[in-house]
Amino acid sequence: MMASSSLAFAAPATTVQSKVRLWNSGTCPYAQRAWLALLEKEVQFEHKIVDLQNKPEDFIALYASLHPDPTARAKVPILEHCTENSASSSSSYDVQIIESNVCAEYIAEAFPNSQGSPLLPSCARDKAVMRLLGEMWTHSGMGNYFPLLLAGQAGKEGEEARAVELDKMKKGMKIMDTFLRQYGCDVAESPFLLKSGFCLGEVCLAPFVQRLLIVVPHWAGVDLLEMTDKEGWGRLKVWMEAVAWRESTVKSGGTKEETIKNYTRLLAMMKGAGANEATK
């Protein structure tokens, strides 16, 4: 199920919590990064669900107050954190942040490693590898799968484009498998990138891996996990399954049916807007 307007993670009663509010659409993979990080850190929070097709005035005004460009379009997420030690529900939020990667990183740093999952590696080498994960994901092109979906949606007319885009996807998957084998830990130690477990870099990629495993088979007719078996990319398969099926990823993402419904709308919007713009 998608988020309700009041959904909040029930953290242990012994944990001291600060007041946190997340503005989110409930469907955006970018905003899911912040939601996922809050779940991982076991933070209680108020969840403000925003209809991106009919944005409320208070959301638009808040975003405008935080972005230095007055012409910037209001988008999710917005993270608010009251760090004051006060029991008053009227306390103002002294920390207000935009941009999904920044929100997720703030959550990982603002709450101690003793609370929830320690998303930040403790050693410099692992921190560098975690950042390299994001760089290699971008370099591989695995996140740029909308052209493949559009080609698949076009049927016979898109067969040539589908073959080209599928070849790009396969090359990208090979790059990621090589990266994980070269820099990641042994799967006997952890299915994730690092021996220490699920990290901030994976928080930022999990929403896209989750969707990739649903939408590519649906529109392009290719099961990517079966492809990893066929091509011998076992390390990539283990990693993709681990991040896509992690409890926090599943809780903060939609069902297969909801994802397909949302992407049907997004693909229709793609004719007049870019992929990144359509998904925010």
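Residues numbered from 1 in each chain as written. Predicted model: local features only at pLDDT ≥ 70, side-chain atom pairs only at ≥ 80, totals over all residues. Heavy atoms only, no water.

A. The overall build of the protein, seen in detail. Scanning the protein from N- to C-terminus turns up twelve helices and four strands. Within the protein, buried positions represent 48% of all 280 residues. Long-range contacts, defined as pairs at least 24 residues apart, comprise 75% of the intrachain contacts of the protein with a sequence gap of at least 6. Working note: accessible area of the protein is about 13,600 Å², and carbon and sulfur atoms make up 51% of it. (Helix = DSSP H or I, 4+ residues; strand = E, 2+ residues; numbered from the N terminus. Buried < 20%, exposed > 50% of the residue type's maximum accessible area, 1.4 Å probe, protein only. Contact = heavy atoms within 4.5 Å. Areas by Shrake-Rupley, 256 points an atom, 1.4 Å probe, with all protein chains shown as cover.)

B. Structural view of the confidence of the model for the protein. Looking at the protein, the pLDDT average stands at 89 and 88% of residues meet or exceed 70. Confidence over residues 274–280 falls short of pLDDT 50; this stretch has 16 contacts with residues more than four positions distant or in other chains. (pLDDT = per-residue confidence, 0-100.)

C. Structural context of the environment of E258. Positionally, E258 belongs in helix α11 (residues 256–269). For the pair E258 and T27, spaced 231 residues apart in sequence, the C-alpha to C-alpha distance is 8.8 Å. A polar side-chain atom of E258 sits 2.8 Å from the main-chain amide nitrogen of T255. (Polar contact = N/O pair within 3.5 Å; in protein donor to acceptor, adjacent residues only side chain to side chain.)

D. Spotlight on the pairing of strand β2 (residues 46–49). Where strand β1 (residues 19–24) meets β2, four bridges bridge the pair, whose relative direction is parallel. Across the sheet, residue N24 finds its bridge partner in β2, namely I49. As for the winding sense of the linkage, the β-α-β connection from β1 through helix α1 (residues 29–40) to β2 is right-handed. (Pairing = 2+ DSSP bridges. Right-handed = clockwise from strand over helix to strand, strands pointing away.)

E. Broad picture of the environment of I78. Along the chain, I78 turns up in strand β3 (residues 78–82). Taking the C-alpha atoms as reference points, I78 and L22, 56 residues apart in sequence, are found 5.9 Å from one another.

F. Summary view of the sheet that holds β2. Pairing is mixed across the open sheet formed by four strands, whose spatial order is β2-β1-β3-β4. Looking at strand neighbours, the two that pair on one side only are β2 and β4 (95–98), the edges of this open sheet. The sheet shows a mean angle of 15° between the axes of neighbouring strands, direction not considered. Relative to β3, β1 runs antiparallel, the two being bridged by five bridges. Counterpart to L22 in the pairing with β3 is L79. The sheet contacts of helix α2 (residues 57–66) involve β1, β3 and β4, and relative to β3 the element is tilted by about 80°. With respect to the sheet, helix α3 (residues 100–110) is in contact with β3 and β4, its orientation differing from that of β4 by roughly 140°. (Axes fitted to C-alpha atoms, helices over the stretch in contact; angles between N-to-C directions.)

G. Seen up close, unusual backbone geometry. In this structure, P77 follows V76 across a cis peptide bond, with omega equal to 5°. Of note, E42 is a non-glycine position whose phi angle comes to about 55°, a positive value. Along the chain, the position of E42 falls in the loop between α1 and β2. For E99, which is not glycine, the phi torsion reads 80° and is therefore positive.

H. The arrangement of the pattern of salt bridges in detail. The tally for this structure, following the rule as stated, stands at twelve salt bridges. In this structure, D126 engages R125 in a salt bridge whose closest nitrogen and oxygen atoms are separated by 3.2 Å. Given a relative accessible area of 17%, D126 falls into the buried group. The salt bridge involving K168 is made with E165; its shortest N-O contact spans 3.4 Å. Residue K168 and its partner E165 are located together in helix α6 (residues 159–183), separated by three residues, close to a single helical turn. Judged by its relative accessible area of 49%, K168 falls in the partly exposed class. (Salt bridge = Lys/Arg side-chain N within 4 Å of Asp/Glu carboxyl O.)

I. Expanded view of α1. The terminal C-alpha atoms of α1 lie 16 Å apart, and with twelve residues this matches the ideal 16 Å at 1.5 Å per residue to within 8%. Burial runs high along α1: twelve of the twelve residues are buried. The set of residues buried in α1 consists of P29, Y30, A31, Q32, R33, A34, W35, L36, A37, L38, L39 and E40. E42 occupies a position one or two residues after α1 and carries a positive phi of about 55°. (Expected span 1.5 Å × (residues − 1).)

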